[in-house]
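Close look at the chain arrangement
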Amino acid sequence: MRTLVELIAAKRDGHALTEAEIHHFVGAFIAGTLTDYQMTAFLMAVFFRGLDDAETVALTEAMLHSGSVVDLSRVAGTKVDKHSTGGVGDKVSICLAPLVAACGVPVPMVVGRGLGHTGGTVDKLEAIPGFRTDLTTVEFARIVGEVGTCIIGPNQEIAPADRLMYALRDVTGTVESIPLIVASILSKKLAEGIDGLVLDVKVGGGAFMKNETSARELASKLVAVGTRAGKQVVAWLTRMDAPLGVAVGNANEVREALGVLRGEGPADLVECTLTLGAEMLVLGRKASDAAQAMAILRKALADGSAARVMEKMIEAQSGNARVVERPSLIDVADCVVDVNAPRDGFITSVDAHEIGLVAVAMGAGRTRADGVIDPGVGLAIDAKPGRSVNQGQRVARLFVRERAVGEALAQRVAGAFRYGDVATPSPPLAFARITAEHVYRSCNADVMMGHRTQ
């Protein structure tokens, strides 16, 4: 077998690696005989040279088997998870998992920390006082069985190779590689002991996939590899040109997600949550179609059962469950700097990527793998695309610890807004559905889902 250095050079030069070589390479990284800088060289080579389907499957399996696979055989029902490829203001997992669990589908969920300009669900949930995401797989399986859902971060047991590689990708400019994304996502998801998976592949300026072509390619590969592993997999393409919802940050995003569980929340966030939740109920055999699933989800929001599951999950993970009814218990920085409209008109766009970068700059995200975040800082996007505004009207807020920091970043936030004299119609949020059998495209995803959130 070729040496580790030879394998790096082979991929640098565009040659394919065998399954055995990829398993050996990942094993050496876990064992410590392959250094971080050597793995970084490999990741960069993959970024430029890519991996073919066989290599991607081999990398996924190597990362999956670098740790243990959770045994959920004692949990009744079809276990279904959801994964998003990452976006600005994407807090869907926080409200989706308890909502779907309240409808009878167990949701085991392993999530990550912030990656680049996008936030991470682990960071957000840890803004809840006392909440633990560092549970063992035994604790994870027990809580899924008792509560119906549990959300944890990657640990030493579940795909440890991905945890280490994920941290390197975040700070070395290798995030947007499709085979690396596929292997990262599926190695964690397959380790959860799931039966089905719903994917939210974000498309646009605030996503890692900037255009539909690359997003469709990623979604198709995720569906293909996941199906090959014996799982039911469905993917949606959803837009990420503007931040999702109003809140961007950590603590304030959790507050907003809890609002969804109380029957509140911004229309786009609710729409995304229900669209993905409906797919999960169908895969979980709790609904025969999307329309029936929507009705079941709305009932769980209206009768409070989704909020009660959230309380149980938070309590089981050592957090303060009172935050569900009293989100103010989650600390948000109290120094507020406003950003106002410079003219009358309509908001034509809000640059999600720039907003995400500002969130990182103010301390809500990381610029290096070992960076420390401030969960209380963040932004609120008060005027979304299509909204009419008057000169001087507030369009955004920055929540900071020091006013000088907020004022220094306010100009960047102001520059993320574009204005026009006429309103432009907003395209549908979820616009393409991808399965192993076919691609379903609709000019209006709500026709399929049977609802448009008002």
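In short, a report on the structure. Predicted model only: the values in this text are computed from it and were never measured.

The rules behind these values
Residues numbered from 1 in each chain as written. Predicted model: local features only at pLDDT ≥ 70, side-chain atom pairs only at ≥ 80, totals over all residues. Heavy atoms only, no water. Helix = DSSP H or I, 4+ residues; strand = E, 2+ residues; numbered from the N terminus. Rg over C-alpha atoms; globule rule 2.2 N^0.38 Å. Buried < 20%, exposed > 50% of the residue type's maximum accessible area, 1.4 Å probe, protein only. Contact = heavy atoms within 4.5 Å. Areas by Shrake-Rupley, 256 points an atom, 1.4 Å probe, with all protein chains shown as cover. Lys, Arg positive; Asp, Glu negative; His and termini not counted. Charge placed at Lys NZ, Arg CZ, Asp CG, Glu CD. Salt bridge = Lys/Arg side-chain N within 4 Å of Asp/Glu carboxyl O.

A tally of regular secondary structure across the protein gives 17 helices and 14 strands. Its C-alpha radius of gyration of 21 Å places the protein within 12% of the 22 Å reference for a compact globule of 454 residues. A total of 454 residues make up the protein; the buried ones form 59% of that total. Long-range contacts, defined as pairs at least 24 residues apart, comprise 77% of the intrachain contacts of the protein with a sequence gap of at least 6. Carbon and sulfur atoms make up 51% of the accessible area of the protein, which amounts to about 17,300 Å² in all. Computed over 47 positive and 52 negative side-chain charges, the inter-centroid distance for the protein is 2 Å.

Residue position: Gly-365 is located in the loop between helix H15 (352-361) and strand E9 (378-381). By relative accessible area, Gly-365 is classed as buried at 19%. The residues touching Gly-365, leaving out its near neighbours within four places in the chain, are Ala-359, Val-360 and Ile-373.

The next subject is the pattern of salt bridges. According to the stated counting rule, one finds 26 salt bridges in the structure shown. Its salt-bridge partner being Arg-433, residue Glu-279 comes within 2.5 Å of it at the nearest N-O pair. On the criterion of sequence distance, the pair formed by Glu-279 in helix H12 (residues 267-283) and Arg-433 in strand E13 (residues 430-434) is long-range, its members being 154 residues apart. You'll find Glu-279 and Arg-433 in the same group, each marked buried. Across the pair Asp-303 and Lys-299 runs a salt bridge, and its minimum N-O distance is 3.3 Å. Accessibility expressed as a relative area gives 35% for Asp-303, which makes it partly exposed. Residues joined by salt bridges that share partners form a network here, namely Arg-113, Asp-123, Glu-126 and Arg-366.

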